[in-house]
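Survey of secondary and tertiary structure
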Amino acid sequence: MATTQRRFAVMGENTFRIVNKITQNQRICRLLKYNCRDPFSKDLPDVDGIELLNKQILIVPKIYDGSVEKMSYLVTVFDDFAVIASNPDFKVSTIRFDIACPYDEWYLNDSTLRPYLLMQEIDTMFNQAKLAGIGNLQYHRADALTLSPQIAGYSMKYKIYEFN
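Residues numbered from 1 in each chain as written. Predicted model: local features only at pLDDT ≥ 70, side-chain atom pairs only at ≥ 80, totals over all residues. Heavy atoms only, no water.

Some thoughts on the pattern of salt bridges
Taken as a whole and judged by the stated rule, the model has eight salt bridges. Between K70 and D104 there is a salt bridge, and its shortest N-O distance comes to 2.2 Å. Pair noted here: K70 is in the loop between β1 (57-58) and β2 (73-83) and D104 is in the loop between β3 (90-102) and α4 (114-126), with a separation of 34 residues, a long-range link. Judged by relative accessible area, which is 43%, K70 ranks as partly exposed. Given the relative accessible area of 45%, D104 is considered partly exposed. One salt bridge connects D80 with K159, and the closest N-O pair in it is separated by 4.0 Å. With D80 in strand β2 and K159 in strand β7 (residues 151-163), this pair connects stretches of sequence that are 79 residues apart. Taken together, the shared-partner salt bridges connect D79, R96 and D98 into one network. (Salt bridge = Lys/Arg side-chain N within 4 Å of Asp/Glu carboxyl O. Helix = DSSP H or I, 4+ residues; strand = E, 2+ residues; numbered from the N terminus. Buried < 20%, exposed > 50% of the residue type's maximum accessible area, 1.4 Å probe, protein only.)

Pasting the structure below:
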């Protein structure tokens with residue numbers, strides 16, 4: 001019997017599947033790890049994404065507080081569970097990606113901003129993606145996210161429609 005998102009018990013497993021994909025994306029890992037204007041420089045070594053897990057790539061919505069250095073973060077959580085009122089045979093849920101970067105780390109050399117590149121990578125990986133046990137993800141929206149006077153970013157949401 002295949003596991004589906006219909007059972008809340010498999011949400012942890014599905015969260016780890018998503019985070020595993022993220023830790024393998026070198027562009028995301030470099031954008032998170034290297035707080036410089038050119039995180040893609042050939043002078044910088046590749047990043048082991050597993051080392052970022054529970055520090056900068058998070059599955060619990062709590063920013064890592066074991067460091068005093070400025071860091072960018074990517075938090076992945078399931079959110080917003082509801083039954084569709086017009087068709088109770090279906091429910092909808094959201095996968096939320098919260099991207100947060102220190103304001104003074106937003107600017108990059110290639111005329112863009114760090115949060116936007118992170119958003120692009122997430123969107124490329126997950127928009128319309130079919131994930132085992134979850135189904136197809138559909139981009140829903142992104143909202144500004146201000147956490148403090150020092151750090152902000154965006155909260156991206158992808159909808160999942162499935163049988164109830």
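Digging into the pairing of β3
With respect to burial, β3 is a largely interior element, twelve of its 13 residues being buried. Relative to β3, β2 is paired through nine bridges, and the arrangement is antiparallel. If you follow Y73 over to β3, its bridge partner there is A100. Connecting β2 to the next strand, β3, in antiparallel fashion are six residues. (Pairing = 2+ DSSP bridges.)

Considerations on the environment of N35
The residue N35 is located in the loop between α2 (26-33) and α3 (49-52) in this model. Relative accessible area serves as the criterion here: at 26%, N35 is assigned to the partly exposed category. In this structure, the C-alpha to C-alpha distance between N35 and E69, residues 34 residues apart in sequence, is 10.0 Å. With near-sequence residues (within four places) excluded, N35 lies in contact with K70, M71, S72, E105 and R114. A polar contact of 2.7 Å, which involves the side chain of N35, links it to the backbone oxygen of K70. (Contact = heavy atoms within 4.5 Å. Polar contact = N/O pair within 3.5 Å; in protein donor to acceptor, adjacent residues only side chain to side chain.)

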